[in-house]
Amino acid sequence: MIVMKFGGSSVADAACMRQVETLVRAALPEAPLVVLSAMGKTTNALFQAARTAESGDLPGALEVQRAIMTAHRRAAEELFAGAVPESLDTALTEHFGELELLLRGVALLRELSPRSMDAIASLGERLSTRIFAERLGAAWVDARTVLRTDGAFGEATPDPAAIRGLAVRHLAPQLGAGRAVVTQGYIGATEDGLTTTLGRGGSDYSAALFGAALGATEVQIWTDVEGVLTCDPRIVPEALPIPELSFAEAAELAAFGAKVLHPATIQPAVEARIPVTVRHTLKPQGRFTTISAEVRTGRPITALASRGPVTVLTVSSSRMLAQSGFLARLFEVFGRRGVSVDLVATAEVSVSLTVEADVPLKPLLQDLSAFATVEVSEDRAIIAAVGERLKSTPGLGARLLSALGGINVEMISMGANEINLSLVVRRDQADEALRRLHRVLTEAA
Ligand SMILES: Nc1ncnc2c1ncn2[C@@H]1O[C@H](COP(=O)(O)OP(=O)(O)O)[C@@H](O)[C@H]1O
Ligand SMILES: N[C@@H](CC(=O)OP(=O)(O)O)C(=O)O
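None of these values were measured; they are calculated from a predicted model.

What counts and what doesn't
- Residues numbered from 1 in each chain as written.
- Chains lettered and ligands numbered in written order.
- Predicted model: local features only at pLDDT ≥ 70, side-chain atom pairs only at ≥ 80, totals over all residues.
- Heavy atoms only, no water.
- Domains from an automatic or database assignment.
- Near = heavy atom within 4 Å.
- Polar contact = N/O pair within 3.5 Å; in protein donor to acceptor, adjacent residues only side chain to side chain.
- Areas by Shrake-Rupley, 256 points an atom, 1.4 Å probe, with all protein chains shown as cover.
- UniProt positions renumbered as here; feature names shortened; annotations may be inferred.
- Helix = DSSP H or I, 4+ residues; strand = E, 2+ residues; numbered from the N terminus.
- Pairing = 2+ DSSP bridges.
- Axes fitted to C-alpha atoms, helices over the stretch in contact; angles between N-to-C directions.
- Contact = heavy atoms within 4.5 Å.
- Buried < 20%, exposed > 50% of the residue type's maximum accessible area, 1.4 Å probe, protein only.
- Patch = residues over 30% accessible without salt bridge, like charges linked within 9 Å, V, L, I, M, F, W, Y side chains within 5 Å.
- Salt bridge = Lys/Arg side-chain N within 4 Å of Asp/Glu carboxyl O.
- Lys, Arg positive; Asp, Glu negative; His and termini not counted.
- Charge placed at Lys NZ, Arg CZ, Asp CG, Glu CD.
- Nonpolar A, V, L, I, M, F, W, Y, C, P; charged D, E, K, R; others polar.
- Core = buried A, V, L, I, M, F, W, Y, C linked by side-chain atoms within 4.5 Å.

## Concerning the domain arrangement of the protein chain
Inference 1: Here the domain parsing of the protein chain yields domain 1 (2-223) and domain 2 (303-443).
Inference 2: Relative to domain 2, the C-alpha centre of domain 1 lies at a distance of 37 Å.

Here you go:
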C-alpha cells in the first residue's frame, strides 16, 4: 500500500479536490491510504474563531464559523453538481453544530484551553475528509481511532506502538488494491478518546506515522511545489527542485525552516526505511523529490533554509571555573528551565547559543547570573546550508562567507553530522543572505 497525503493547498476548493480525485483514482491499484489536511486556510480560520470566542465576542466567532460553513457547503455543492448526498449533508450539519457548540462554550467561559483548541481545530480535517470520501465513494476512517497520542494538547506526541496495533485493526482490513481509504492528517486522540493535534503542519507527520504502521512502500506528500527546492521559493524565486535527498538532509532542512515538510515527518519513515516523495498536485508528471536512505551525491550544498526570529545568548564565565565545570553548569540551567538550544559555538571562556525568540529570558538570565555574564542579541535568524558533500568539499566555507560580503555573520556552527553549516545573521538581512548563498549553491559543482 501507499500513503498519499494532500496538503491544504491541494484541497483548497472543489476544483482542487477534483484534481486530487483524479490522482487517487489513478493510484487505486496501489491500495492508497489518503491523508488529507483541512481545506486551504481553514485551520487558521478555526484558530481565529476560537480566539474571537475567547475574547467574549460570540457574534464575531460565529461569523467566522459561517464563513467556514459556506466554503465547505460550496465545495460540496460544486462537487456534486447541486445534489449533495443526504449522508454528507447530515455529516456536515453535525460538524457545523459541533463547532458552534464548542465556540459558544469558549465564549461563555472566556477560556480557551489547548484541549478546547484541539477539539475546535480538528474540525478542519474532519470536514475536508467527509466531503472528499463521499465524492470518491471511499471508506472514511476517523484518524482518532488510530493515531494514539499523549495528552500534550496542541503538540501531542504519538505512540507508534499503539498506532501500529490500531492501524492493523481499523485501517488494514479496509485497504486493498482497487479501493482507497480516506482519513485525516494532523489529528489524533488520547487513550481516553480526547481529541489532540500534532502541531501546525502536522499532517505530513500523520502520513509518515500511518505509512510506518502499515508498512507502506511509499509515503507521497502532495503539495504546491515540484518537490523540495534548493531554497524557499518565496525568497529565492529561482530555487530549483532537488531530485534526491537523504533522510538526514531532509530532517535538517525541515528542522531549519523548510516549510514544505513537517520536521518530525522523516523520523517514522527513516525507522521503517520507507521512501518519502514530495510532489506537485497540479503537475503530477513534473519533477519531484525522493527522500530515502540511499544517498546519491549531487551538489556540495543541497539546499538552504532559514529560521527566525531567534535570540543569541553569549554566556561568559564570570569566575575562573574550569571550562568543563562551566559548560556543565550552563547546560544544567537550560535543562532545568526546559529551554532547548539550537546552535552552540564555544570559545575558551564563553559560549554562544541560540534559543527560540519566545523563550522567557528572565528566569534563565537570573539563574545564569550566579556564575556568568550574558549578552543578549534578539531578532536574529539562523541560515542553514545543508548537504552530504559539505564536509568533503574544500574551500566551500570560505566561498559562502565571502559571498555574504557586508552581511555580518555573528555565529557559525557545523553540525556534528557535518551535513549542516549554520550561520547566524540579523533577521532583516536573512533574505538577502539566502539570495547570495543561493548563487554559491548553483555555482558550486
Ligand atoms: N525548500 C523549500 N522547498 C519547497 N517549498 C518550500 C521550501 N521552503 C518553503 N517552502 C514553501 O512550502 C510550501 C508548501 O508547504 P505548505 O504550504 O505547508 O503546503 P501544504 O498546504 O501542501 O501542506 C511551498 O508553497 C513553499 O512556498
Ligand atoms: N491543517 C493543519 C495541518 C497541516 O498539516 O496542514 P497543511 O498540510 O496544509 O500544512 C494546519 O494547517 O496546520
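Let's pick the thread back up.
## So, the site of ligand 2
Inference 1: Looking at ligand 2, the residues that line it are Lys-5, Gly-7, Gly-8, Ser-37, Ala-38, Thr-43, Glu-125, Tyr-186, Arg-200, Gly-201, Gly-202 and Ser-203.
Inference 2: In this structure, Arg-200 approaches ligand 2 through a side-chain N or O atom, which is 2.7 Å from an oxygen atom.
Inference 3: Here an oxygen atom of ligand 2 and a backbone polar atom of Gly-201 are 2.8 Å apart.
Inference 4: Protein burial of ligand 2: of its 340 Å² of free accessible surface, 82% is covered by the chains.

## Points about the UniProt feature "domain: Aspartokinase ACT" (unreviewed entry) in the protein chain
Inference 1: In this structure's numbering, the residues bearing the UniProt feature "domain: Aspartokinase ACT" (unreviewed entry) are residues 383-439.
Inference 2: From the first C-alpha to the last, residues 383-439 spans 15 Å; its make-up is 32% helix and 26% strand.

## Quick word on the sheet that holds strand S13 (residues 350-356)
Inference 1: In space, the 6 strands of this open sheet follow the order S12-S13-S11-S14-S16-S15, with antiparallel pairing throughout. A strand with exactly one partner marks an edge of an open sheet, and here the two such strands are strand S12 (344-346) and strand S15 (411-414). Each neighbouring strand pair of the sheet contributes to a mean axis angle of 30°, computed without reference to strand direction.
Inference 2: Of the pairings in the sheet, the one linking strand S14 (residues 372-386) to strand S16 (residues 420-426) comprises 7 bridges and is antiparallel in character. Bridging from a neighbouring strand, Val-386 pairs with Asn-420 of S16.
Inference 3: Set on the sheet, helix H8 (residues 247-255) makes contact with strand S11 (303-317), S14 and S16; between it and S11 the angle comes to about 70°.
Inference 4: Strands in contact with helix H13 (residues 430-443) are S11, S14 and S16; relative to S11, the strand with the most contacts, it is inclined by about 120°.

## Considering the sheet that holds strand S9 (residues 276-280)
Inference 1: An order of S3-S4-S2-S1-S7-S9-S10-S8 is seen for the 8 strands of this open sheet, with the pairing classed as mixed. Looking at the sheet topology across the chains shown, the edges are occupied by strand S3 (139-141) and strand S8 (244-246). If you compare each strand with its neighbour and ignore which way they point, the axes differ by 20° on average.
Inference 2: Bridge count for strand S1 (residues 2-6) against strand S2 (residues 32-36) is 5 bridges, and the pairing is parallel. Across the sheet, Lys-5 pairs through a bridge with Val-35, a residue of S2.
Inference 3: Each of S2, S3 and strand S4 (181-184) is contacted by helix H5 (residues 114-136), which is oriented at about 170° to S4, the strand it contacts most.
Inference 4: In the packing of H8 onto the sheet, the strands contacted are S8 and strand S10 (289-292), and the crossing angle to S8 comes to about 85°.

## Structural notes on the side chain of Ser-377
Inference 1: Along the chain, Ser-377 turns up in strand S14.
Inference 2: Ser-377 gets classed as buried once you look at its relative accessible area, which sits at 13%.
Inference 3: Setting aside chain neighbours within four positions, we find Ser-377 in contact with Val-310, Thr-311 and Val-312.

## Let's talk about a negative patch on the surface
Inference 1: A surface patch of negative charge is lined by Asp-150, Asp-159, Glu-191 and Asp-192.
Inference 2: Looking at the secondary structure, you find Asp-150 in the loop between S3 and helix H6 (160-170).
Inference 3: What makes Asp-150 partly exposed here is its relative accessible area of 33%.

## With respect to the site of ligand 1
Inference 1: With respect to spatial proximity, 18 residues lie near ligand 1, and among them Thr-223, Asp-224, Leu-229, Arg-234 and Lys-259 are the closest.
Inference 2: At 2.8 Å, a backbone N or O of Leu-229 approaches a nitrogen atom of ligand 1.
Inference 3: Separating an oxygen atom of ligand 1 from a side-chain N or O atom of Arg-234 is a distance of 3.2 Å.
Inference 4: Alone, ligand 1 offers 570 Å² of accessible surface; in the complex the protein occludes 86% of this.
Inference 5: When grouped by side-chain class, the residues that make up the shell around ligand 1 number 8 nonpolar, 5 polar and 5 charged.

## A few points about the nonpolar core
Inference 1: Membership of the largest hydrophobic core comes to 102 residues, with the highest contact counts inside it found for Phe-6, Val-24, Leu-33, Phe-132, Leu-171, Leu-261 and Ile-291.
Inference 2: With 9 residues, H5 is the single largest residue contributor to this core.
Inference 3: Every residue in contact with Ile-291, bar those within four places of it in the chain, is listed here: Leu-245, Ser-246, Phe-247, Ala-250, Leu-261, Ile-266, Pro-275, Val-276 and Val-278.

## Here's the deal with the UniProt feature "domain: Aspartate/glutamate/uridylate kinase" (unreviewed entry) in the protein chain
Inference 1: Listed under "domain: Aspartate/glutamate/uridylate kinase" (unreviewed entry) in the UniProt record, and renumbered for this structure, are residues 1-279.
Inference 2: Summarising residues 1-279: 48% helix, 13% strand, and an end-to-end C-alpha distance of 18 Å.

## What about the pattern of salt bridges?
Inference 1: With the rule as written, the count across this model stands at 20 salt bridges.
Inference 2: Among the salt bridges present, the one from Asp-379 reaches Arg-427, with a minimum N-O distance of 2.9 Å. With Asp-379 in strand S14 and Arg-427 in the loop between S16 and H13, the pair connects residues that are 48 residues apart, well separated along the chain.
Inference 3: In this structure Asp-379 comes out as partly exposed when scored by relative accessible area, which is 43%.
Inference 4: Across the salt bridge formed by Arg-380 and Glu-410, the nearest N and O atoms sit 2.6 Å from each other. Residue Arg-380 is located in strand S14, and its partner Glu-410 is located in the loop between helix H12 (396-403) and S15; the two are separated by 30 residues in the primary sequence.
Inference 5: Among the residues examined, Arg-380 registers a relative accessible area of 16% and is labelled buried.
Inference 6: One network of salt bridges, in which partners are shared, links Glu-332, Arg-336, Arg-337 and Asp-367.

## Some points on the pairing of S10
Regular strands show a simple pattern: their side chains alternate between the two faces of the sheet.
Inference 1: Sheet analysis places S8 next to S10, joined by 3 bridges and oriented parallel. In the sheet register, Glu-244 faces S10, and the bridge partner there is Thr-290.
Inference 2: Where S9 meets S10, 3 bridges bridge the pair, whose relative direction is antiparallel. Opposite Val-278, over in S10, you have Thr-289 as the bridge partner.

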